[in-house]
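Topology and contacts: notes
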Amino acid sequence: MAVNLDKEAYYRRIKRLYSNWKKGEDEFGKVDAIVVSVGVDEEIVYAKSTAIQTWLFGYELTDTIMVFCDTKIIFLASKKKVDFLKQVAMTKGNENANGVPPITLLTREKNESNKANFDKMIEAIRGSKEGKTVGIFSKDKFPGDYMKSWNDTITAEGLEKVDISAVVAYAMAVKEDGELSLMKKAAAITSEVYSKFFKERVMEIVDADEKVRHSKLAESVEKAIEEKKYLGGADPSTVEMCYPPIIQSGGNYSLKFSVVSDKNHMHFGAITCAMGIRYKSYCSNLVRTLMVDPPQEMQDNYNFLLQVEEELLKHLKHGVKISEAYNAVQEYVKKEKSDLVAKLTKNLGFAMGIEFREGSLVVNSKNQYKLKKGMVLSVSLGFADLVNKDGKKDEQKKYALFIGDTIQINEEDAATILTPVKKKIKNVGIFLKNDDEDDDEEDGDDAEELLGKGARSAALLADRTRNEMTAEEKRRAHQKELANHLNEEAKRRLTERQGDQQIQKARKSNVSYKNVSQMPREKDIREMKIFIDKKYETVVMPVFGIATPFHIATIKNISMSVEGDYTYLRINFYVPGSSLGRQEGNIFPNPDCVFFSSNLKTPGDPSVPSTNLQNAFRIIKEVQKRYKTREAEEKEKEGIVKQDSLVINLNRSNPKLKDLYIRPNIAQKRMQGSVEAHTNGFRFTSVRGDKVDILYNNIKHAIFQPCDGEMIIVLHFHLKNAIMFGKRRHTDVQFYTEVGEITTDLGKHQHMHDRDDLYAEQMEREMRHKLKSAFKNFIEKVETLTKEELEFEVPFRDLGFQGAPYRSTCLLQPTSGSLVNTTEWPPFVVTLDEVELVHFERVQFHLKNFDVVIVYKDYNKKVTMINAVPVNSLDPIKEWLNSCDIKYTEGVQSLNWTKIMKTIVDDPEGFFEQGGWSFLDPEGEGSGAEEDSESEMEDETFNPSADDEEEEQEEDSDEDYSSDTEDSSKIIFFYICTVRWRHCGPVARFPFNLKMLETK
């Protein structure tokens, strides 16, 4: 056979089997030889005989007889199978290095009765120990003359048969790392099929009020595993169902895995679903209950069932008897809700592996086997025959709740869930009714009966009416509802905030010297030269022959130029009046004063006169740089909320990702490191030892950006409160790795193949798949560790659109609670719950692009602009916003949002009395407002110098809208005035008063 056999795995496992046999515990102590015979029967899916073959060899070998004796092993099979088994039979010496008995291969003869081969095997059995008893799997009975003749031979020899199914199952129950990986993959596929197909399909059925039979829905689930998009990159040929999916509803429930889905129509109440997927012969299982409009009592019972499962997982540990775990759960239910003890399922799960259900390792009150680390169980528990007091029809009166997961037994900690599909009430409840519909429920039921529409609520009747409308009409109707609600909610919110006193931070006043005694007495000052006092960060200049101090904060910029024989020092100050435009009247008609110093050295002078200006220029630059750096650091530290300390978990099995980069960088050069999840947060440790801690309770959005269509894979954290590292404050931190770098590194070992483009593409696909699997595994462990309190959002790439929130265009993608772009830096994250409305600007037929303006519920917060969005994305964005219940408007012109937001903040009551946000609607009075604001904006346009423009951009970037900061009575306006100094001599012209230079 052209198939390789994993010899190392075979030796490890056959050695484990013989080791357990030699211990002689339980039935192993009663047998002298073990016989495993496998025939051909396509109807048999699970059998211990085929399971042990798969466990040892990786394949099922039909029409094969295996005899395990004390000192030898005999295989009887066809010629092709014998060739396959030669890979483990051909060993040096009498025994292999692992001490496993040697193998004898016998070739089956098709045209003979195989009597000679049977005699050799019987002789070996007689020579093994006492030669009287053989261990068999009593439930495995294969048809056919071949198997019958062998069984008759054993019977004729008078050999006693002992069933060893339980002890062999216990020996195989502890899974190796390779087996655990396969079972985790199977569990992941099951979770994907449930979440992305079954759950979505049920919601579609409920929304559309379809009549679908349980059996048909189960068939569609079986067909879904043929589609690669649900298999997480697995080969469809390696994936199969463990059993036909079991879907039940409408009062007919049987909480077992031996039942089949009936042909009744799905009832919109409690819908139980059990499904298990097998990957490369290893099984997994998942059970969930979806509830449509569950009454409060049903929700309470379901939440209690979740608590019961948590209690069970606490007791499923290494060394614990299975019966003890079961009894602990029984006692817990008796203590908390004794009336539900009789409703609880009779067993709470079973061991699982190559066989779906191991009958000897069932979680019940009689099982005395101890759990071992590495075992994998399917836990499944539920409450049956529960009564719905609110039910009026037969299918509504009775219901059942059923949940189950695939779990892995650990040594000390509680069992690990391998199927982390969310199962809280918010994740499995489908709520259709509104509170105000409860009063009309009876009328709704009567209407449904008259129309013959089944048991739907009034909400779905209204939904059916809306379905007859076009998508645009439905959007408009919904937007009208949102518009009415928007103004009322905003007015109420602003009214509540009026009572809150907003504390304005006092503006820092920079004073050079508090009294005359601090004034320096330097020689340069007496000689009327410029002197820089580094201690007090002050420049002392001669003005009208008087040494006058100016704090470094009053200097905007400084420049020096040489013209002929003279050096000129030009200093630009911040002074009152700088906000006035050129056409609005200038207070200083002649702002320039010329001072100069000669570059020529006169006899008797120790140095060139201009030396003082050159030194002053250099020192002022140094002091200015130091001052600005200190001020920037202080500004960064403002508003920093002190975080809790990270609680380190010393367990080595903590979720961890290695070889990641962090953004923003800790140092100038980016460095690799690892991120590890601890008890209450993450810790990133760089290769040089730098640490960055992110606490779970400070994470606003945890976003996982896969590498689909990207050259980067990202874990991004948008924080509630900024944290400090790298001397800056940051509200966004991300850990990432680049696919291209890893592919290149791997390609170094495959240099000979780099010329082959197909090979390079295949290598990149494999690397992308490995990266996604590693990140997903990390996320699942973190969500399990935090008990789903921290949920990662995955962007919906299909809903993404191009736009420029900053200077460059990028792909903006919605998640369940935000709009993000995490692949570019700086990142873009907008929380949807904080959005008041979205306005589209420049929406015109002849334009290819339009702009998106996001207005927040906090009107003091600056609006967010997204420029250059392609016009073909307009309808998809509208559809998405409408589905998120966010009001949107559109217009043909750009608005002056600075004035709009200031107007609202100054007089919120007047704004809403005049119609509030209705001025943005095209049907309202928005056009006039747009024209006015546009004209006002044009009137205020001016062309500042390059220095001014750069400074203003820096100021505006971090500035929010506030009525206080815009108050003309409190703010200081600055005007640029130019002064030129000569190092000595009288001043010819000085056209402004010294009081205007006061920094206060």
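Residues numbered from 1 in each chain as written. Predicted model: local features only at pLDDT ≥ 70, side-chain atom pairs only at ≥ 80, totals over all residues. Heavy atoms only, no water.

Per an unreviewed UniProt entry, the protein chain goes by the name FACT complex subunit and belongs to Cyclopterus lumpus. According to its UniProt record, the protein chain has this under Subunit (unreviewed entry): "Component of the FACT complex." (UniProt positions renumbered as here; feature names shortened; annotations may be inferred.)

**Thoughts on empty space enclosed by the protein**
Counting across every chain of the model gives 7 cavities of 30 Å³ or more. Roughly 160 Å³ of internal volume is contained in the largest cavity. Around the largest cavity, the lining comprises 16 residues; the ones closest to its centre are Met 172, Lys 175, Gly 353, Ile 354 and Glu 358. Only helix 2 (48-57), helix 6 (165-173) and strand 11 (358-362) provide two or more residues apiece to the lining of the largest cavity. A per-class count over the lining of the largest cavity returns 10 nonpolar, 1 polar and 5 charged. A volume near 90 Å³ is recorded for the second largest cavity. Residue lining of the second largest cavity: 14 residues in total, with Leu 819, Val 838, Ile 854, Trp 880 and Leu 881 positioned closest to the centre. Partitioning the lining of the second largest cavity into residue classes produces 14 nonpolar, no polar and no charged. (1 Å grid on protein atoms, 1.4 Å probe; cavity = no way out; pocket = protein on both sides within 12 Å on 5 of 7 lines; lining within 4 Å. Points joined across faces, edges and corners; volume = space filled by probe spheres on them. Helix = DSSP H or I, 4+ residues; strand = E, 2+ residues; numbered from the N terminus. Nonpolar A, V, L, I, M, F, W, Y, C, P; charged D, E, K, R; others polar.)

**Observations regarding the environment of Arg 807**
With respect to the secondary-structure elements, Arg 807 resides in the loop between strand 30 (801-803) and strand 31 (810-814). The spacing of Arg 807 and Ile 866 is 59 residues in sequence and 9.9 Å in space, taken between C-alpha atoms.

**Some words on the packing of aromatic side chains**
Summed over all chains, the structure comprises 38 aromatic pairs. Their ring planes at 10° and their centres at 6.1 Å tell us that Phe 304 and Phe 383 sit as a pair that is stacked. Taken together, the positions of Phe 304 in helix 9 (residues 296-315) and Phe 383 in strand 12 (residues 376-387) put the pair 79 residues apart, joining distant regions of the chain. For the residue pair Phe 304 and Phe 383, the accessibility class agrees, reading buried in each case. On the basis of an interplanar angle of 15° and a centroid distance of 6.0 Å, the ring pair of Phe 704 and Phe 775 is categorised as stacked. You can see Phe 704 sitting in strand 26 (residues 699-705) and its partner Phe 775 sitting in helix 19 (residues 757-785), a full 71 residues away along the chain. Among the aromatic residues, those joined into a cluster by ring pairs are Phe 682, Phe 684, Tyr 696, Phe 717, Phe 735, Phe 778 and Phe 792. (Phe/Tyr/Trp six-rings, centres within 6.5 Å; stacked < 30°, edge-to-face > 60°. Buried < 20%, exposed > 50% of the residue type's maximum accessible area, 1.4 Å probe, protein only.)

**Focus on the nonpolar core**
The biggest cluster of nonpolar side chains holds 155 residues, and the ones touching the most others in it are Tyr 10, Ile 52, Phe 57, Phe 68, Phe 198 and Leu 316. The element that contributes the greatest number of residues to this core is helix 7 (residues 177-208), accounting for 12 residues. In this view, Tyr 10 contacts Leu 5, Leu 56, Phe 57, Ile 73, Phe 75, Val 88 and Ile 103; residues no more than four positions away in its chain are not counted. (Core = buried A, V, L, I, M, F, W, Y, C linked by side-chain atoms within 4.5 Å. Contact = heavy atoms within 4.5 Å.)

**Digging into the side chain of Glu 836**
Take Glu 836: it is sitting in strand 34 (residues 835-841). What makes Glu 836 buried here is its relative accessible area of 5%. Here Tyr 859 takes part through its side chain, which lies 2.5 Å from a polar atom of the side chain of Glu 836. Those residues in contact with Glu 836 that lie beyond four places of it in its chain are Leu 486, Ala 490, Arg 493, Val 855, Tyr 856, Lys 857, Tyr 859 and Trp 917. (Polar contact = N/O pair within 3.5 Å; in protein donor to acceptor, adjacent residues only side chain to side chain.)

**Some points on a negative patch on the surface**
Taken together, the side chains of Glu 297, Asp 300, Asp 339 and Asp 390 present a region of like negative charge at the surface. As for its position among the elements, Asp 339 is in the loop between helix 10 (322-336) and strand 10 (349-351). When its relative accessible area of 57% is taken as the criterion, Asp 339 is described as exposed. (Patch = residues over 30% accessible without salt bridge, like charges linked within 9 Å, V, L, I, M, F, W, Y side chains within 5 Å. Areas by Shrake-Rupley, 256 points an atom, 1.4 Å probe, with all protein chains shown as cover. Salt bridge = Lys/Arg side-chain N within 4 Å of Asp/Glu carboxyl O. Lys, Arg positive; Asp, Glu negative; His and termini not counted. Charge placed at Lys NZ, Arg CZ, Asp CG, Glu CD.)

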